[in-house]
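Breakdown of the fold
As a plain string of letters, each chain reads:
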Amino acid sequence: MSLAELAEALSWRDALDILVVAIIAYQLLLLIRGTRAAQVLLGIVVLVGVALIARALELRSLQSLLEQAVIFVPFAVIVLFQNQIRKALVNFGRNPLYGFSAREQVESGFQQLVLAATTMAKRRVGALIVFERHQGLRDFIENGIQLDSVISLDLLLTIFNPGTPLHDGAVIVQRDRIAAAACFLPLSSNTELSMQLGTRHRAALGISEETDAVALVVSEESGRISLAVNGSLDEGLDADELRSALYRHLVTETEESTEQTEVAEVGGRT
């Protein structure tokens, strides 16, 4: 069947059906990206694949064993992915087109973030805020205190207040929400770093070296605001420079990277 015949055979209902299924599958993949759940899902897929191969080759003992195991897969999925399933339902309930509003979600928290950073800088309060981009940071989120809260000035000032138990560690931001606080990050192993850089700056550089995340640091000693990206540290930013840098790294570069990936995938298929 040619492409023209296939297009004629597909009705608008078929196209809508395929689009909805693709959106749901995409959202589920985004949900488990960067988590251990992705590895569990891969193991389940391998198990089902081996069961199909055993049936095709008529390996009766293996087939019987695996078919009995496959029966329990739906129950295992519910138990293993209960947190992800709950979060997916919450996200869809909050916004059915959740995946299409990433730009607005990121931009909406900029003002609160910049105001919080400059306020803490004036008060000489140390802070470390990490922004997730394409690579998932779920493993680092899981070692902290999960919050899933809207970004706000008051919440950030409360978290990094030296008198609170959450101030020691990093805040991780996913889109327009604070995913977790008190997260521990890998320290940079770069031996050429200045000895004047403290633990927060080394942790910011460490996460930017291991992932594509962007890390904002407020120095407790000097009150200087810095941004770590791709293993490099841009120091001494004011409010306007910080806002512009966040927009560039979290919106402009992210969109360009996504477009380049899509073009590369199309080129690879052709």
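Not measured: the values here are computed from a predicted model.

Observations concerning the overall build of the protein
- Scanning the protein from terminus to terminus reveals twelve helices and seven strands.
- Across the 270 residues in the protein, those meeting the buried criterion constitute 37%.
- Considering only contacts within the protein whose residues lie at least 6 apart along the sequence, 62% involve residues at least 24 apart.
- Summed over all atoms, the accessible surface of the protein reaches about 16,000 Å², with 59% contributed by carbon and sulfur.

Describing a negative patch on the surface
- Taken together, the side chains of D234, E235, D238 and E241 define an acidic patch exposed on the protein surface.
- Structurally, the position occupied by E241 is in helix 12 (residues 239–269).

Things to note about the sheet that holds strand 5 (residues 214–218)
- In spatial order, the strands read 2-4-3-1-5-6-7; together these seven strands make up an open sheet with mixed pairing. Each edge of the sheet is formed by a strand with only one pairing partner; in this case those strands are strand 2 (145–150) and strand 7 (232–234). Between one strand axis and the next, the sheet turns through 25° on average, direction left out of account.
- The pairing of strand 1 (residues 127–131) with strand 5 spans five bridges and is classified as antiparallel.

Focus: unusual backbone geometry
- Unlike most non-glycine residues, E58 shows phi in positive territory, near 55°.
- Examined against the element boundaries, E58 turns out to sit in the loop between helix 3 (36–56) and helix 4 (60–71).
- Phi at R124 is positive, roughly 55°, even though this residue is not glycine.
- Positionally, R124 belongs in the loop between helix 8 (110–123) and strand 1.

What to know about helix 11 (residues 199–210)
- Between its first and last C-alpha atoms helix 11 spans 16 Å; for twelve residues at 1.5 Å apiece the expected length is 16 Å, and the two agree.
- Among all positions of helix 11, only H201, R202, A203, A204, L205, G206, I207 and S208 are buried.

Structural notes on the packing of aromatic side chains
- As enumerated under the stated definition, the model contains one aromatic pair in all.
- Centroid distance F110 to Y247: 6.4 Å. Interplanar angle 80°. Geometry classified as edge-to-face. Note that F110 is positioned in helix 8 and Y247 in helix 12, a separation of 137 residues in sequence.
- What makes F110 buried here is its relative accessible area of 6%.

Thoughts on the pattern of salt bridges
- Across all of its chains, the model carries three salt bridges by this definition.
- Ionic pairing is found between E220 and R200, a salt bridge with its closest N-O pair at 3.4 Å. Here E220 is found in the loop between strand 5 and strand 6 (225–229), whereas its partner R200 is found in helix 11, with 20 residues between them in sequence.

As for the side chain of E132
- Examined against the element boundaries, E132 turns out to sit in the loop between strand 1 and helix 9 (138–142).
- With a relative accessible area of 18%, E132 lands in the buried category.
- Within the structure, the side chain of E132 is placed 3.1 Å from the side chain of Q174, a separation counted as a polar contact.

Things to note about the pairing of strand 1
- Among the five residues in strand 1, five count as buried, and that is most of the element.
- Judged by which residues are buried, strand 1 turns out to be covered on both faces: A127, I129 and F131 on one side and L128 and V130 on the other are all buried.
- Bridging between strand 1 and strand 3 (residues 170–174) involves three bridges; their strand directions are parallel. Its bridge partner lying in strand 3, V130 is registered against I172.

Cut-off values and rules
Residues numbered from 1 in each chain as written. Predicted model: local features only at pLDDT ≥ 70, side-chain atom pairs only at ≥ 80, totals over all residues. Heavy atoms only, no water. Helix = DSSP H or I, 4+ residues; strand = E, 2+ residues; numbered from the N terminus. Buried < 20%, exposed > 50% of the residue type's maximum accessible area, 1.4 Å probe, protein only. Contact = heavy atoms within 4.5 Å. Areas by Shrake-Rupley, 256 points an atom, 1.4 Å probe, with all protein chains shown as cover. Patch = residues over 30% accessible without salt bridge, like charges linked within 9 Å, V, L, I, M, F, W, Y side chains within 5 Å. Salt bridge = Lys/Arg side-chain N within 4 Å of Asp/Glu carboxyl O. Lys, Arg positive; Asp, Glu negative; His and termini not counted. Charge placed at Lys NZ, Arg CZ, Asp CG, Glu CD. Pairing = 2+ DSSP bridges. Axes fitted to C-alpha atoms, helices over the stretch in contact; angles between N-to-C directions. Expected span 1.5 Å × (residues − 1). Phe/Tyr/Trp six-rings, centres within 6.5 Å; stacked < 30°, edge-to-face > 60°. Polar contact = N/O pair within 3.5 Å; in protein donor to acceptor, adjacent residues only side chain to side chain.

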